[in-house]
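Here's the letter readout for the chains.
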Amino acid sequence: MRPTDRKYSKSHEWVKLDGETALVGITDFAVQALSNGNESDLVHCDLPESGRLLAAGESFGEIESVKAVSDLYAPIAGEVLEINSGIEDHLEIVSRDPWGQGWILRLKPERKSLDGLMDAAEYEKYLATLAH
Amino acid sequence: METWRLITTWGAQPSFNLGLDEALLESSDAPVTVRFYSWKPATLSLGYFQKFAEVPAALDARSVVRRFTGGGAIHHDRELTFSIAAPLAHPLYRDSLPDSYARVHAGVARALLTLGIEAKLRGESKLASDREGTGMCFHKSSPLDLVWDERKGVGSAQRRTRERVLHHGSIKLGTTALEGDIATAERVAPRLSPEAFAPALRAAFEAEFGVRLEAGVPDALERGRMKELAPRFLDPAFLRRR
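To start, this report covers the structure provided alongside it. (Residues numbered from 1 in each chain as written. Chains lettered and ligands numbered in written order. Predicted model: local features only at pLDDT ≥ 70, side-chain atom pairs only at ≥ 80, totals over all residues. Heavy atoms only, no water.)

Size of an interface: often given as the accessible area lost when the parts come together. Across the boundary between the two partners, chain A contributes 21 residues, which contact 26 residues of chain B. Between chain A and chain B the total buried area reaches about 1,900 Å² when both faces are included, carbon and sulfur atoms providing 48% of it. Inspection of the region where chain A meets chain B yields 5 salt bridges. Notably, a salt bridge pairs Arg242 of chain B with Asp46 of chain A, separated by 2.9 Å at the nearest N-O pair. Elements with a minimum of two residues in the side of chain A that touches chain B: α1 (28-34), β4 (42-46), β6 (59-65) and β7 (68-73) of chain A. No other element matches the 5 residues that β7 of chain A contributes to the side of chain A that touches chain B. The sheet contact formed by β7 of chain A and strand β10 (residues 154-160) of chain B spans 3 bridges and is parallel. When the bridges of β10 of chain B are listed, Val69 of chain A appears paired with Arg159 of chain B. (Contact = heavy atoms within 4.5 Å. Buried area = accessible area lost by both parts, 1.4 Å probe. Salt bridge = Lys/Arg side-chain N within 4 Å of Asp/Glu carboxyl O. Helix = DSSP H or I, 4+ residues; strand = E, 2+ residues; numbered from the N terminus. Pairing = 2+ DSSP bridges.)

So, about the packing of helix α2 (residues 97-113) of chain B against helix α3 (residues 194-209) of chain B. Residue and element names in this part refer to chain B. Contact geometry of α2 with α3 gives a least axis separation of 8 Å together with a crossing angle of 130 degrees. By the criterion of interaxial angle, the relationship of α2 to α3 is oblique. Here the hand of the crossing between α2 and α3 comes out right-handed. Seen from α2, the contacting residues are Arg103, Val104, Ala106, Gly107, Val108, Arg110, Ala111 and Leu112; seen from α3, they are Phe197, Ala200, Leu201, Ala204, Phe205, Ala207, Glu208 and Phe209. (Axes fitted to C-alpha atoms, helices over the stretch in contact; angles between N-to-C directions. Parallel < 35°, antiparallel > 145°, perpendicular 65-115°, else oblique. Left-handed = near helix turned anticlockwise from the far one by under 90°.)

Our focus in this paragraph is the sheet that holds strand β7 (residues 120-121) of chain B. Residues and elements named next belong to chain B. Strand order in the open sheet formed by 3 strands is β7-β8-β9, with antiparallel pairing between adjacent strands. The open sheet is flanked by β7 and β9 (151-152), the only strands paired with a single partner. Here 2 bridges tie β7 to strand β8 (residues 146-148), and the two strands are oriented antiparallel to one another. Pairing of Lys120 across the sheet is with Val147, part of β8.

What follows is about the environment of Ile93 of chain A. Residue and element names in this part refer to chain A. Here Ile93 shows up in helix α3 (residues 92-96). Separated by 83 residues in the primary sequence, Ile93 and Lys10 place their C-alpha atoms 23 Å from one another. With sequence-adjacent residues up to four places away left out, Ile93 is seen in contact with Gly86, Ile87, Pro98, Gln101 and Gly102.

Our focus in this paragraph is the sheet that holds strand β5 (residues 53-54) of chain A. Residue and element names in this part refer to chain A. Taken together, 6 strands build an open sheet; the order of strands is β1-β2-β3-β9-β8-β5 and the sheet is antiparallel. Sheet topology places β1 (7-8) and β5 at the edges, where each strand pairs with a single neighbour. Alignment of β5 against strand β8 (residues 78-83), held across 2 bridges, turns out to be antiparallel. Its bridge partner being in β8, Leu54 is matched across the sheet by Gly78.

Worth remembering: the numbers are spatial, not functional.
And the structure:
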């Protein structure tokens, strides 16, 4: 079971409220989907500047794995307060710990509600629909 | 049987080639679209995240652009370039990244077999074409790459959005001065042109993917979007963004 203290988007990002702010990252499914089984498969990322205002669903950055560049999407609207500078040159942290140390953005949410996103159980069901 | 669109454009400019591919990646209502194409002039393309300074060949090539797909630099000369744009949920692309590469490469390998080339996924072995410090796609191999003659012969990369995937591939028919000792079709099919190889690739894709490829063109929306996107690939600031 994935962490129940956060909500999930269909494009495989998670968001977790943390006081007045919200942390955003990508799920283990996203990491697996982009990788070839090695921690070192995520190689580059482009992340937004602090202060940028993101709409829900807007692309906020890009991540390169060993064989693909993929867009990253904001699960909620908000202002970028901080990016996790520790991961920019060490994306293996995202591979190893996508739920904790591998967080990507800290946002000031436009709204405190995470309505419209999936909880962990709903996300699991959604993932099952992607399998065949 | 599913019908895919096939757009063929030989000898097109780099900004057209990349602009059209990006427009097809965005074209969410489009059928699965395969492109076969070549470049005029011969052009070196850098991967989206590559640092310009880490590709020494960029100083030697007459025409240089930056792609929107990842990976290393490719000299688009003596090759058939293809792309396949399809929904992320399409059977070609669903499941993991390695699964999607294996499916596309099965189609390419089938076409190469008609030339007598037995291309295989690299797996864990090292290659005679692997070389440090050039930033060139064909000098860096991964387990997913198609190889023959112990060298890499097909360069590939993907761009993924939440809706669609575009897979780029470069099938080497001959080598170039910037790429050197790599696997090509030259040994079994000297001076084979992309135009002459295209029917075999088309038939192999149709057989491997169980589809019919129907010749088509970009629609008005895609052409319009291509014209909007193409200038970025001529912009020196984009080329030298890293």
